[in-house]
Amino acid sequence: MEKYKADERRYDAMAYQRCGRSGVLLPKVSLGFWHNFGAEDDYTKCREIMRYAFDHGITHFDLANNYGPPYGSAEETFGRLMDDDFRPYRDEMFIATKAGYDMWPGPYGNWGSRKYLMASLDQSLHRMRLNYVDLFYSHRYDPHTPLEETLQALVDIVRSGKTLYVGISRWPLEATRFAFKYLRERDVPCLIYQGRINLLDRAPLEEGILDLCRSEGVGFISFSPLAQGLLTDRYLNGIPEGSRMSKGKFLRPDMLTDDVLQKIRQYNSEAEGENRTLAEYALSWILRQPGVTSVLVGASSAGQLEKNLRAASK
Ligand SMILES: NC(=O)c1ccc[n+]([C@@H]2O[C@H](COP(=O)([O-])OP(=O)(O)OC[C@H]3O[C@@H](n4cnc5c(N)ncnc54)[C@H](OP(=O)(O)O)[C@@H]3O)[C@@H](O)[C@H]2O)c1
């Protein structure tokens with residue numbers, strides 16, 4: 001591939017929103033590396049998606065230690081992208097990773113201990129070929145580790161300079177309230193909460209997580225905003241070859257129930273009524289919820305990203 005030079009007009013169309021009560025602005029659409037960036041994926045395609053994203057104002061990239069497959073390989077792909085194309089743009093990027101799910105064998109490679117979080121971030125930085133990340137998350141709530149241990153590890157990681165900000169993902173309401181207070185009292189305020197809100201799953205809205213984030217000045221980023229592709233035209237007429245559902249691991253055909261199909265057809269006709277695609281309609285709905293900072297999409301091609309970015313223009 002030819003040497004990369006970022007598009008000079010990359011900031012012309014994207015809208016940015018302040019992340020809670022912080023100094024950080026995030027693009028309305030951010031890009032996730034859960035799927036499509038593992039060792040089994042075509043590197044040239046990864047590079048095309050990443051270039052397209054950055055050329056169109058996406059500055060926020062979301063990873064986790066175990067994204068792949070195999071585990072760790074999405075971070076390795078990211079490191080290669082940094083070396084091949086993005087090193088000159090490091091200060092224009094807001095890069096996140098996480099630890100919390102199973103990553104390596106034995107008692108220290110999972111959940112929320114200080115031992116796991118600290119070692120995991122060191123490994124992530126090595127794979128991503130970075131000196132620091134912008135954001136490090138506790139990827140999930142651990143009911144067995146004292147919350148103080150997990151949270152103090154986050155505080156100490158910030159103090160070590162290996163991350164600039166911290167966040168939490170998928171924590172339940174009361175533990176989230178505790179986390180926000182604990183972190184704020186140590187002058188390491190939680191930057192952002194990562195949870196799933198989309199037209200088919202409104203749990204963090206209904207449980208009060210989004211309201212809490214708003215009142216505490218913490219940003220909110222919605223993962224799987226397209227319900228892994230269900231909220232696009234992908235499955236309106238069956239399960240296409242090569243789609244995430246056709247691979248059947250995280251999005252299984254039995255999830256496309258008659259009820260879901262009826263809902264997505266209904267949303268699709270509402271979208272058509274507004275002259276929009278279903279994806280655009282679904283993303284715009286999330287972005288309208290007060291307190292939502294960004295939607296964190298996945299994409300298996302630059303073309304999908306192009307369509308999804310229509311929801312985010314200024
Ligand atoms: N914190 C957590 O626990 C957690 C959990 C899950 C995800 N995440 C984060 O959220 C990110 C996004 O999650 P996600 O990939 O599930 O998001 P998503 O945006 O809901 O789904 C993305 C998938 O939908 C399909 N798609 C996207 N745009 C399309 C379009 N315009 N037309 C047709 N199909 C389209 C593609 O699947 P095909 O393969 O079918 O093309 C794409 O890979 C992840 O990468 C990760 O960073 C975090």
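First, a word on scope: everything that follows refers to the structure included in this document. Remember, it's a predicted structure, so these values are computed and weren't measured experimentally. (Residues numbered from 1 in each chain as written. Predicted model: local features only at pLDDT ≥ 70, side-chain atom pairs only at ≥ 80, totals over all residues.)

## Observations regarding the overall build of the chain
If you tally the helices and strands in the chain, you get 11 helices and 10 strands. On C-alpha atoms alone, the chain measures out to a radius of gyration of 19 Å, which is about the 20 Å that the 2.2 N^0.38 rule sets for 314 residues. Reported as C-alpha extents along the three principal axes, the dimensions of the chain are approximately 50 × 50 × 40 Å. Per-residue burial for the chain yields a buried fraction of 44% across its 314 residues. Of the contacts formed within the chain by residues at least 6 apart in sequence, a portion of 75% connects residues at least 24 apart. (Helix = DSSP H or I, 4+ residues; strand = E, 2+ residues; numbered from the N terminus. Rg over C-alpha atoms; globule rule 2.2 N^0.38 Å. Buried ≥ 20, exposed ≤ 12 C-beta atoms within 10 Å, placed from the backbone. Contact = placed C-beta atoms within 7 Å.)

## Let's talk about the sheet that holds strand β10 (residues 294-297)
Around the barrel, 8 strands lie side by side as β3-β4-β5-β6-β7-β8-β9-β10; this closed barrel has parallel pairing. For this sheet, the mean inter-axis angle between neighbouring strands, taken without regard to orientation, is 30°. Pairing of strand β4 (residues 60-62) with strand β5 (residues 94-99) involves 3 bridges; the strand directions are parallel. In the strand pairing of β5, phenylalanine 61 is matched with isoleucine 95. (Pairing = 2+ DSSP bridges. Axes fitted to C-alpha atoms, helices over the stretch in contact; angles between N-to-C directions.)

## Some details on unusual backbone geometry
Note the cis peptide between glycine 68 and proline 69, where omega equals -5°. Mapped onto the elements, proline 69 comes out in the loop between β4 and α2 (73-86). You will see that serine 224, though not glycine, has its phi angle at about 45°, which is positive. Position of serine 224 relative to the elements: it lies in the loop between β9 (219-223) and α8 (244-247). If you check the backbone angles, asparagine 275 has positive phi at about 65° while not being a glycine. Within the fold, asparagine 275 resides in the loop between α9 (258-273) and α10 (278-288).

## Structural notes on the nonpolar core
Counting 85 residues, the largest nonpolar core has Leu135, Val166, Leu231 and Ala282 as its most contacted members. The greatest single-element share of this core, amounting to 7 residues, is contributed by α10. Ignoring any residue separated from it by four or fewer positions in sequence, one finds alanine 282 in contact with Asn198, Leu199, Pro225, Leu226, Leu231 and Tyr267. (Core = buried A, V, L, I, M, F, W, Y, C linked by C-beta atoms within 7 Å.)

## Considerations on helix α3 (residues 114-128)
Between the first and last C-alpha of α3 there are 21 Å, a value that for 15 residues agrees with the 21 Å anticipated at 1.5 Å per step. Taken as a whole, α3 has its buried residues at Tyr116, Leu117, Ser120, Leu121, Ser124 and Met128. All buried residues of α3 fall inside an arc of 120° around its axis, so they share one side. Elements in contact with the buried residues of α3: α2, β5, β6 (133-138), α4 (147-160) and β7 (163-169). Within two residues after α3, arginine 129 carries a phi angle of roughly 55°, on the positive side. (Expected span 1.5 Å × (residues − 1). Arc of directions from axis to C-beta.)

## Observations concerning the site of the ligand
As a structural note, the neighbourhood of the ligand is formed by 30 residues, with Gly32, Trp34, Phe223, Gly229 and Gly298 the closest of them. Ranked by residue count, the leading element in the shell around the ligand is helix α11 (residues 302-308), at 3 residues. Tallied by class, the residues present in the shell around the ligand amount to 10 nonpolar, 15 polar and 5 charged. (Near = placed C-beta within 6 Å. Nonpolar A, V, L, I, M, F, W, Y, C, P; charged D, E, K, R; others polar.)

## Observations regarding the packing of α2 against α3
Put simply, α2 and α3 touch, their axes get as near as 7 Å, and they point 45° apart. The angle between α2 and α3 falls in the class oblique. Each of Glu75, Glu76, Phe78, Gly79 and Met82 in α2 lies in contact with α3, whose residues at this interface are Ser124, Arg127 and Met128. (Parallel < 35°, antiparallel > 145°, perpendicular 65-115°, else oblique.)

## Observations concerning α2
Of the positions making up α2, those classed as buried are Ala74, Glu75, Thr77, Phe78, Leu81 and Phe86. With its buried residues spanning 155° around the axis, α2 presents them on a single face. If you follow the buried residues of α2, they end up packed against α1 (43-55), β5 and α3.

## Quick look at the environment of arginine 129
Considering the arrangement of structural elements, one finds arginine 129 in the loop between α3 and β6. The exposure class assigned to arginine 129 is partly exposed, which follows from the 15 C-beta atoms found within 10 Å. Placed 42 residues apart in sequence, arginine 129 and arginine 87 show a C-alpha to C-alpha distance of 9.7 Å. Ignoring sequence-local partners within four residues, the contact set of arginine 129 consists of Gly79, Met82 and Asp83.

## A word on the packing of α9 against α10
Contact geometry for α9 and α10: axes closest at 8 Å, N-to-C directions at 90°. Classed by the angle they form, the pair α9 and α10 counts as roughly perpendicular. Counted together, Ile264, Tyr267, Asn268, Glu270 and Ala271 of α9 and Leu278, Tyr281 and Ala282 of α10 form the full contact between these two elements. Here the residues of the contact of α9 with α10 sort into 6 nonpolar, 1 polar and 1 charged.

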